Amino acid sequence: MTDTPVRVLIVDDHPMVAEGIQAILESYDDIQVIGTVGDGREAVGRALALLPDVILMDLNMPGLGGLGATEILLEQMPDTRILILSMHDSPEYISTALSHGAMGYVLKDVPTEEIKQAIDAVMRGERYLCTGAKGSLEPKEGEETREALTGREQTILLQLAQGKSNKEVAIALDISVRTVETHRKNIKRKLGISSTAGLTRYALEHGVLQGTGVGL
């Protein structure tokens, strides 16, 4: 067993939040905060340079958001543990983050010691969900369990909800139009939605478009 501290990178666009988390974590001898950054694009660059063990990742940030940054980082640094630290407790946010490869999801209003528990858990290779996140994912009484969208389907939903055509989505994601059409059918089937307008409405109501500049 090594005595080397766990190297943590904090990614949050609110400086006071990032500084507060840093102060909490630096009170532990076995954690070393190696940096704080305010957007996803900067997080990718700093992570590749600093090689953190754990990244505490906010979701909604200017420019590249937390989900996009998570996807890029895990392609290039598959052993990095990414722990989402967010104010959003909707099941769509949580399931999407996990489908993008995050190893845990912690709400920002948890007791401070729970952030340390989450870091310890993901360092052991375990998935960690705080109590609030677990509760959000549990089906409510009388509610049908809906098949979750994959990370790729969430990405395509975002593109479609922004008004892009199948061809435009295909070009943006470097995939075929036929592949986009297949994903589009699967998204509609999983969500029980029959129209593009319905997809846009769903995306707006469930925060999928937050931070993109698209509004009602």
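Residues numbered from 1 in each chain as written. Predicted model: local features only at pLDDT ≥ 70, side-chain atom pairs only at ≥ 80, totals over all residues. Heavy atoms only, no water.

Quick word on the overall build of the chain
Inference 1: Secondary structure assignment for the chain yields 10 helices and six strands.
Inference 2: Per-residue burial for the chain yields a buried fraction of 43% across its 216 residues.
Inference 3: Expressed as a percentage of contacts within the chain between residues at least 6 apart in sequence, the contacts between residues at least 24 apart total 62%.
Inference 4: Total accessible area computed for the chain in this model is approximately 11,300 Å², and 50% of it derives from carbon and sulfur atoms. (Helix = DSSP H or I, 4+ residues; strand = E, 2+ residues; numbered from the N terminus. Buried < 20%, exposed > 50% of the residue type's maximum accessible area, 1.4 Å probe, protein only. Contact = heavy atoms within 4.5 Å. Areas by Shrake-Rupley, 256 points an atom, 1.4 Å probe, with all protein chains shown as cover.)

Details of the confidence of the model for the chain
Inference 1: Residues of the chain with pLDDT of at least 70 account for 89%, and the chain-wide mean is 85.
Inference 2: By mean pLDDT, helix α10 (residues 196-205) is the weakest element of the chain at 76, and strand β1 (residues 6-11) is the strongest at 97.
Inference 3: Across residues 211-216, confidence stays below pLDDT 50; counting only partners more than four residues off in sequence or on other chains, it has seven contacts. (pLDDT = per-residue confidence, 0-100.)

Quick look at the side chain of Thr70
Inference 1: Within the secondary structure, Thr70 sits in helix α3 (residues 66-76).
Inference 2: Exposure remark for Thr70: the relative accessible area of 1% places this residue in the buried category.
Inference 3: The contact partners of Thr70, leaving out residues within four places of it in the chain, are Met57, Ile82, Ile84, His100 and Ala102.

Here we look at the pattern of salt bridges
Inference 1: Within the structure shown, the criterion is met by seven salt bridges.
Inference 2: Residue Glu42 pairs with Arg46 through a salt bridge whose shortest N-O separation is 3.9 Å. With Glu42 and Arg46 both in helix α2 (residues 40-50) and four residues apart, this pair spans about one turn of that helix.
Inference 3: Look at Arg46 and you get partly exposed, because its relative accessible area is 29%.
Inference 4: Across the pair Lys190 and Glu153 runs a salt bridge whose closest N-O atoms are separated by 2.8 Å. Taken together, the positions of Lys190 in helix α9 (residues 177-191) and Glu153 in helix α7 (residues 151-161) put the pair 37 residues apart, joining distant regions of the chain. (Salt bridge = Lys/Arg side-chain N within 4 Å of Asp/Glu carboxyl O.)

Quick look at the pairing of strand β4 (residues 81-86)
Inference 1: In terms of burial, β4 is a largely internal element, five of the six residues being buried.
Inference 2: Two elements, strand β3 (residues 54-57) and β4, share four bridges in a ladder whose sense is parallel. Bridge pairing in β4 links Ile55 to Ile82.
Inference 3: What joins β3 to β4 is α3, and the crossover it makes is right-handed.
Inference 4: As defined by bridge partners, β4 adjoins strand β5 (residues 104-107) across four bridges and the pair is classed as parallel. (Pairing = 2+ DSSP bridges. Right-handed = clockwise from strand over helix to strand, strands pointing away.)

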